[in-house]
Amino acid sequence: MRVLRMAFDVVVPVAVALLCAFAVLGTSRYAGVVTVLTALAALVSGAALWWRRRHPVPVTAVALAGGLAVQLVAPMTVFPLAALVAVGSLAATRPPRLSLPALVLLLGLVSLNFRTTTAEDARFVLAVAVVVWALGEAVRNRRVAVAQAAERAVAEEQARIARELHDVIAHGVSVIVVQAAAADDVFDRAPDRARESLRSIEATGRATLDELRKLLAGPDGRPGLDRLADLVGPLRAAGLLVDVRCERPPLPPGVDESAYRIVQEALTNTLRHARASRAEVLVRDDGGVLELEVRDDGRGGAPVGPGRGIAGMRERAALLGGTVEAGPVPGGGFRVRARLPLAVTA
């Protein structure tokens with residue numbers, strides 16, 4: 001899948017650039033330098049599509065400018081393909097307040113050819129431009145919907161756990177406090193009764209811990225790295241290409257669940273904030289330490305908004321004696337890197 005997508009990203013710019021350049025050379029109304037410069041503009045606007053996923057706004061501007069030059073010098077019966085592809089990519093990654101003006105400019109650009117086309121051809125060209133924009137907008141909406149659904153699921157799970165944790169811990173601690181006070185009252189006078197209270201404290205503590213384990217496991221069992229495929233499936237359906245490389249050693253349950261949650265939160269941030277097209281997940285055993293790395297090719301800035309995603313990941317890691325580093329990386333993109341010790345003291 002990744003190879004096919006990379007091949008597609010290469011083929012599209014090359015094909016569009018060559019097609020537009022040859023069209024200029026074959027239909028130009030001018031000769032000499034003007035035609036050569038226009039052909040170069042067509043090549044540049046097509047080649048710029050290589051960066052359409054990471055930098056859709058400037059790529060769209062370049063494609064529209066190149067398309068204008070082509071339309072003025074070599075009016076053709078086809079629309080500017082580079083601008084068409086760029087507007088579709090822009091709609092897939094940016095809200096309508098940015099993509100709709102680009103669509104209007106594209107329609108104006110296309111209309112320059114109307115004097116050389118029939119009314120039916122003109123309507124067809126306009127319809128194609130609108131359909132391409134609509135498809136891109138549909139992809140963006142799908143991605144937003146998946147991100148929102150993931151956030152709602154996390155919020156609902158956190159609320160459920162918070163309510164039940166309160167009940168379980170309040171009950172267990174209350175019983176332990178009462179039993180400890182009773183043991184202290186009779187410690188000198190009746191050591192047998194004190195030892196009985198201490199044994200009861202131990203039993204209550206174990207029962208509370210067991211109930212907490214069942215609670216945190218949730219209705220579907222404790223999530224772990226073996227469920228990464230279920231995690232990345234919806235993200236891929238939303239248009240985010242996720243490449244997973246997992247060298248998973250045997251893990252303690254607490255480490256396994258925390259590792260899953262850290263990867264889940266990092267990918268959710270990528271989908272919601274990074275405007276990325278690709279993410280990589282690496283899981284490996286680094287000499288007794290589980291190393292997790294989630295890296296994307298997005299805009300590289302820290303997530304904005306009221307969420308506590310990164311702080312929550314750091315808290316999870318700290319409870320296990322581990323660390324989380326998060327921030328932009330040179331060359332673009334954002335990376336979350338966690339290190340969790342495999343030998344965890346209960």
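Preceding block: the structure.
Quick summary incoming for the structure in this document. Remember, it's a predicted structure, so these values are computed and weren't measured experimentally. (Residues numbered from 1 in each chain as written. Predicted model: local features only at pLDDT ≥ 70, side-chain atom pairs only at ≥ 80, totals over all residues. Heavy atoms only, no water.)

## A look at the overall build of the protein chain
Tallying secondary structure elements over the protein chain gives ten helices and five strands in all. In the protein chain, the proportion of contacts linking residues at least 24 apart, taken out of those at least 6 apart, comes to 70%. For the protein chain, the accessible surface area stands at approximately 18400 Å², while carbon and sulfur atoms represent 63% of it. (Helix = DSSP H or I, 4+ residues; strand = E, 2+ residues; numbered from the N terminus. Contact = heavy atoms within 4.5 Å. Areas by Shrake-Rupley, 256 points an atom, 1.4 Å probe, with all protein chains shown as cover.)

## Thoughts on the pairing of strand β5 (residues 334-341)
Along any regular strand the residues' side chains alternate between the sheet's two faces. A one-sided burial pattern is seen for β5, the buried positions being F334, V336, A338 and L340 and the unburied ones R335, R337, R339 and P341. Two strands pair when backbone bridges link them, and strand β3 (residues 289-296) and β5 are joined in this way by eight bridges, in the antiparallel orientation. Along β5, the bridge assignment pairs V294 with V336. Relative to β5, strand β4 (residues 323-328) runs antiparallel, the two being bridged by six bridges. The partner of G327 across the bridge, within β5, is R335. Linking β4 to β5, which pair antiparallel, is a turn of five residues; within it G331 sits at a positive phi near 90 degrees. (Buried < 20%, exposed > 50% of the residue type's maximum accessible area, 1.4 Å probe, protein only. Pairing = 2+ DSSP bridges.)

## Comments concerning the nonpolar core
Counting 36 residues, the largest nonpolar core has L225, V263, L267, L290, L292 and L340 as the members making the most contacts within it. At the level of elements, α6 (119-186), α8 (228-237), α9 (253-274), β2 (278-285), β3, α10 (309-319) and β5 are the ones that each hand at least two residues to this core. A total of nine residues in this core trace back to one element, the largest contributor, which is α9. Apart from the residues within four sequence positions on either side, V263 is in contact with L228, L231, V281, L292 and V294. (Core = buried A, V, L, I, M, F, W, Y, C linked by side-chain atoms within 4.5 Å.)

## Some remarks on a nonpolar patch on the surface
A cluster of nonpolar side chains, contributed by V10, V14, L18, F22, L25, V33, V36, L37, L40, L43, W50 and W51, occupies part of the molecular surface with about 1200 Å² of accessible area. When contributions to the nonpolar patch are tallied by element, the ones reaching two or more residues are α1 (2-27) and α2 (33-47). Tracing the backbone through its elements, the reader meets L37 in helix α2. (Patch = residues over 30% accessible without salt bridge, like charges linked within 9 Å, V, L, I, M, F, W, Y side chains within 5 Å. Salt bridge = Lys/Arg side-chain N within 4 Å of Asp/Glu carboxyl O.)

## Remarks on the packing of aromatic side chains
Centre distance and the angle of the planes are the two values used to describe a pair of aromatic rings. With the rule as written, the count across this model stands at zero aromatic pairs. Against the face of Y260 rests R227, its NZ or CZ located 5.9 Å from the ring centre. (Phe/Tyr/Trp six-rings, centres within 6.5 Å; stacked < 30°, edge-to-face > 60°. Lys NZ or Arg CZ within 6 Å of the ring centre and 35° of its normal.)

## So, the sheet that holds β2
Taking strand neighbours across the sheet as the criterion, the five strands line up as β1-β2-β3-β5-β4 in an open arrangement whose pairing is mixed. One side of each edge strand has no neighbouring strand; the edge strands of this open sheet are β1 (241-246) and β4. Strand after strand, the sheet turns through a mean of 10 degrees between neighbouring axes, direction not considered. As judged from the six bridges shared by β1 and β2, these two strands associate in the parallel manner. (Axes fitted to C-alpha atoms, helices over the stretch in contact; angles between N-to-C directions.)

## Section: helix α3 (residues 56-73)
Compared with the 26 Å implied by 1.5 Å per residue over 18 residues, the 26 Å span of α3 between its first and last C-alpha is a close match. By the burial criterion, the buried members of α3 are P56, V59, T60, A63, L64, G66, G67, V70, Q71 and V73. (Expected span 1.5 Å × (residues − 1).)

## Observations regarding the packing of α3 against helix α5 (residues 96-111)
Look at α3 against α5: their axes get within 10 Å of each other, and the N-to-C directions meet at 10 degrees. As summarised for this structure, α3 and α5 are arranged roughly parallel, according to the angle between their axes. For the pair α3 and α5, contact is made by V57, T60, L64, G67, L68 and Q71 and by L98, A102, L105, L106 and L109, respectively. Within the contact of α3 with α5, the residues separate by chemical class into eight nonpolar, three polar and no charged. (Parallel < 35°, antiparallel > 145°, perpendicular 65-115°, else oblique. Nonpolar A, V, L, I, M, F, W, Y, C, P; charged D, E, K, R; others polar.)

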